[in-house]
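Residue-level structure breakdown
Residues per chain are reported as follows:
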Amino acid sequence: MEWKKKTVVNTAEIYTAGQKESPVNLLIANQIGTQSGNYAMNFRDSQDSQDPTTHFVPDQSHMAESVKKISHLQNSR
């Protein structure tokens, strides 16, 4: 059986996880586990979003597939 690596690049602006009126853009990163180096991140998808949402949470019903996926967050400034 041959395995193929698939790379998908998505670029999107993220918005603060804090109060919308605050001049500071806030990204909340919560580590999954104690030494995994994996994080779930909270931020708004758009300026109009009422509440921030959690991103990059592994699908616990398909853990074997979840551990094969990697996400990177890069500051564009």
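Residues numbered from 1 in each chain as written. Predicted model: local features only at pLDDT ≥ 70, side-chain atom pairs only at ≥ 80, totals over all residues. Heavy atoms only, no water.

1. Considerations on the sheet that holds strand β3 (residues 53–55)
As a reminder, the rule being used: Strands are labelled as partners when DSSP assigns at least two bridges between them. Segments assigned H or I by DSSP are reported as helices when at least four residues long, segments assigned E as strands when at least two residues long, and all are numbered from the N terminus. Axes, fitted as lines to C-alpha atoms, cover a helix only where it is in contact. Angles between the N-to-C directions of the axes lie from 0 to 180 degrees.
Read from one edge to the other, the open sheet built from 3 strands follows the order β1-β2-β3, with strand pairing classed as antiparallel. Looking at strand neighbours, the two that pair on one side only are β1 (28–32) and β3, the edges of this open sheet. Strand-to-strand twist in this sheet, taken as the mean axis angle between neighbours without regard to direction, amounts to 30°. Pairing geometry for strand β2 (residues 38–43) and β3, over 3 bridges, is antiparallel. Within β3, the position partnered with F43 by the bridge is T53.

2. What to know about the confidence of the model for the protein chain
Our working rule: Each residue carries a pLDDT score, the predictor's confidence in it, ranging from 0 to 100.
Of all residues in the protein chain, 88% have pLDDT values of 70 or greater, and the mean over the chain is 80. Looking at the elements of the protein chain, mean pLDDT is at its lowest for helix α1 (residues 63–66), recorded as 70, and at its highest for β3, recorded as 87.

3. What to know about the side chain of R44
Heads up, the rule is: A 1.4 Å probe rolled over the protein chains alone gives each residue an accessible area, and that area as a share of the maximum for its type sets the label: buried under 20%, exposed over 50%, partly exposed in between. When charges are counted, neither His nor the chain ends are considered; positive counts come from Lys and Arg and negative counts from Asp and Glu. The salt bridge criterion pairs a side-chain nitrogen of Lys or Arg with a carboxyl oxygen of Asp or Glu, the two atoms within 4 Å. Side-chain atoms alone can form a polar contact between residues adjacent in sequence; in general such a contact is a pair of N or O atoms within 3.5 Å, and within protein one must be able to donate a hydrogen while the other accepts it. The criterion used for residue contact is that any of the two residues' heavy atoms lie within 4.5 Å.
Within the element layout of this structure, R44 appears in the loop between β2 and β3. Of the buried charged residues, R44 lacks a salt bridge, with D51 as the closest side chain of opposite charge at 5.1 Å. In terms of polar contacts, R44 uses its side chain to reach the backbone carbonyl oxygen of Q50, at 3.1 Å. In contact with R44, other than residues within four places in its own chain, are I14, Y15, T16, A17, G18, K20, S49, Q50, D51 and P52.

4. Looking at the pairing of β2
Residues in a regular strand project their side chains so that they alternate between the two faces of the sheet. Bridging between β1 and β2 involves 5 bridges; their strand directions are antiparallel. In the strand pairing of β2, A29 is matched with M41.

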